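Analysis of the macromolecular model
The lines below spell out each chain.
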Amino acid sequence: MAISALLLEVGFRRAHPWLIAGPQRLKLVLMLIGVGLWVLALVTIGVWVWALVLHALGAFARLEEAVYFAIVAFSTLGLGDIVPVHGWRILAAMAAVNGFLSFGLLTALLVEALRQVRLAQLENRRPR
């Protein structure tokens, strides 16, 4: 996730002059959509990594169960209709904590990126 955040920052730095030039509203919407898709991709990758690890370790017999559980755990929904075998419950809790922290970090990055671009857009509008 850290490498991905670094790549996102590099992308924003390169796109910064374009983002602050007018017209700005459409660019802000496009940026929001792009970052939203980036967040969705990272969450999807995180869920699949946890699912593949849980399945490979034998916590679930079928990959479909492991993916479903990883989604429920990673999103901290915690339905409890599918649970891993007894020896892997701690690892399942770690998946939930990882998901909770990932959502928090990704949300903070999204908000900060939007804030920085919007502040630069407003600064660019001011008469000099």
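Residues numbered from 1 in each chain as written. Predicted model: local features only at pLDDT ≥ 70, side-chain atom pairs only at ≥ 80, totals over all residues. Heavy atoms only, no water.

With respect to the layout of surface pockets
- Its boundaries defined by the atoms lining it, the largest pocket holds a volume of some 260 Å³.
- Every residue along the wall of the largest pocket is listed here: Ala 5, Leu 8, Glu 9, Phe 12, Arg 13, His 16, Leu 109, Glu 112, Ala 113, Gln 116 and Val 117.
- At the level of secondary structure, the elements contributing two or more residues to the lining of the largest pocket comprise helix 1 (2-20) and helix 4 (89-125).
- The dominant element in the lining of the largest pocket, judged by the number of residues it contributes, is helix 1, at six residues.
- Residue classes in the lining of the largest pocket are distributed as six nonpolar, two polar and three charged. (1 Å grid on protein atoms, 1.4 Å probe; cavity = no way out; pocket = protein on both sides within 12 Å on 5 of 7 lines; lining within 4 Å. Points joined across faces, edges and corners; volume = space filled by probe spheres on them. Helix = DSSP H or I, 4+ residues; strand = E, 2+ residues; numbered from the N terminus. Nonpolar A, V, L, I, M, F, W, Y, C, P; charged D, E, K, R; others polar.)

Thoughts on the pattern of salt bridges
- Within the structure shown, the criterion is met by two salt bridges.
- For Arg 62, the salt bridge identified is with Glu 64, shortest N-O distance 2.9 Å.
- Its relative accessible area of 49% is what places Arg 62 among the partly exposed residues.
- The partner of Glu 112 in a salt bridge is Arg 115, with the nearest N and O atoms 3.1 Å apart. With Glu 112 and Arg 115 both in helix 4 and three residues apart, the pair spans about one turn of that helix.
- By relative accessible area, which is 41% here, Arg 115 ends up partly exposed. (Salt bridge = Lys/Arg side-chain N within 4 Å of Asp/Glu carboxyl O. Buried < 20%, exposed > 50% of the residue type's maximum accessible area, 1.4 Å probe, protein only.)

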